[in-house]
Amino acid sequence: MAVSGEAEASAALATLKQVEQSAQAIGDDVESLLSGLQTALHSVSHTSVEYMRVYSDAAANLSESVSSSVSQGRHFIEGCAKLDERMVHAERLLGQVRGLKEALTALETNLGLPVAKAE
């Protein structure tokens, strides 16, 4: 029985050594996987930071463009309003010119002069 006990002990040690080697290999694989995961997470984080920076810059540029467009639009509207005010004066002047033309036509008719045709 001593031989049988030694054989069992030897087999148990061999099995224990295989378990230890397997555990070491698994530990190495886990360490490698975690290292790869860390690298991937670092890369994703860096990409996310760059994306947010680009997004922030784009939002800032868009905001500046919108503000500039609004300012130019207001300036255009103010110019249109001033032009509209000036057109009121031009319309009054047109009315006066038409009145003068009618008076001149009436005068020419009363004096027996040939009436000039409007172009």
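These numbers come from a predicted model, not from an experiment.

A count of helical and extended segments in the protein gives 1 helix and 0 strands. The C-alpha radius of gyration computed for the protein amounts to 49 Å, which surpasses the reference 14 Å derived for 119 residues by more than 25%, pointing to a less compact arrangement than a globule. When burial is assessed residue by residue, the protein has 1% of its 119 residues classed as buried. For the protein, the computed accessible surface area is about 10,800 Å², with 62% contributed by carbon and sulfur atoms. For the protein, the separation between the mean place of its 9 positive charges and that of its 16 negative charges on side chains is 28 Å.

The subject of this paragraph is the packing of aromatic side chains. For the structure shown, the criterion picks out 1 aromatic pair. Seen from their ring centres, Y51 and Y55 are 6.4 Å apart, and the 25° between their planes marks the pair as stacked. Taken together, the positions of Y51 and Y55, both in helix α1 (residues 2–111) and 4 residues apart, correspond to about one turn of that helix. The pair formed by Y51 and Y55 is uniform in burial state, with each residue classed as exposed.

On the surface, a cluster of nonpolar side chains totalling about 470 Å² of accessible area is made up of I26, V30, L34, L37 and L41. The residue L37 is located in helix α1 in this model.

This part takes up the UniProt feature "domain: BLOC-1-related complex subunit 6 C-terminal helix" (unreviewed entry) in the protein. In the UniProt entry, the feature "domain: BLOC-1-related complex subunit 6 C-terminal helix" (unreviewed entry) is given for residues 12–108. For the annotated span residues 12–108, helix accounts for 100% and strand for 0% of the residues, and the straight-line distance between the end C-alpha atoms is 138 Å.

The tally for this structure, following the rule as stated, stands at 1 salt bridge. With its nearest N and O atoms 2.5 Å apart, the salt bridge here joins R53 to E50. Pair noted here: R53 and E50 are both in helix α1, with a separation of 3 residues, about one helical turn.

This brings us to the environment of A23. The topology assignment puts A23 in helix α1. Remark: the alpha-carbon pair of A23 and N61, spanning 38 residues in sequence, is separated by 56 Å.

The rules behind the values
Residues numbered from 1 in each chain as written. Predicted model: local features only at pLDDT ≥ 70, side-chain atom pairs only at ≥ 80, totals over all residues. Heavy atoms only, no water. Helix = DSSP H or I, 4+ residues; strand = E, 2+ residues; numbered from the N terminus. Rg over C-alpha atoms; globule rule 2.2 N^0.38 Å. Buried < 20%, exposed > 50% of the residue type's maximum accessible area, 1.4 Å probe, protein only. Areas by Shrake-Rupley, 256 points an atom, 1.4 Å probe, with all protein chains shown as cover. Lys, Arg positive; Asp, Glu negative; His and termini not counted. Charge placed at Lys NZ, Arg CZ, Asp CG, Glu CD. Phe/Tyr/Trp six-rings, centres within 6.5 Å; stacked < 30°, edge-to-face > 60°. Patch = residues over 30% accessible without salt bridge, like charges linked within 9 Å, V, L, I, M, F, W, Y side chains within 5 Å. Salt bridge = Lys/Arg side-chain N within 4 Å of Asp/Glu carboxyl O. UniProt positions renumbered as here; feature names shortened; annotations may be inferred.

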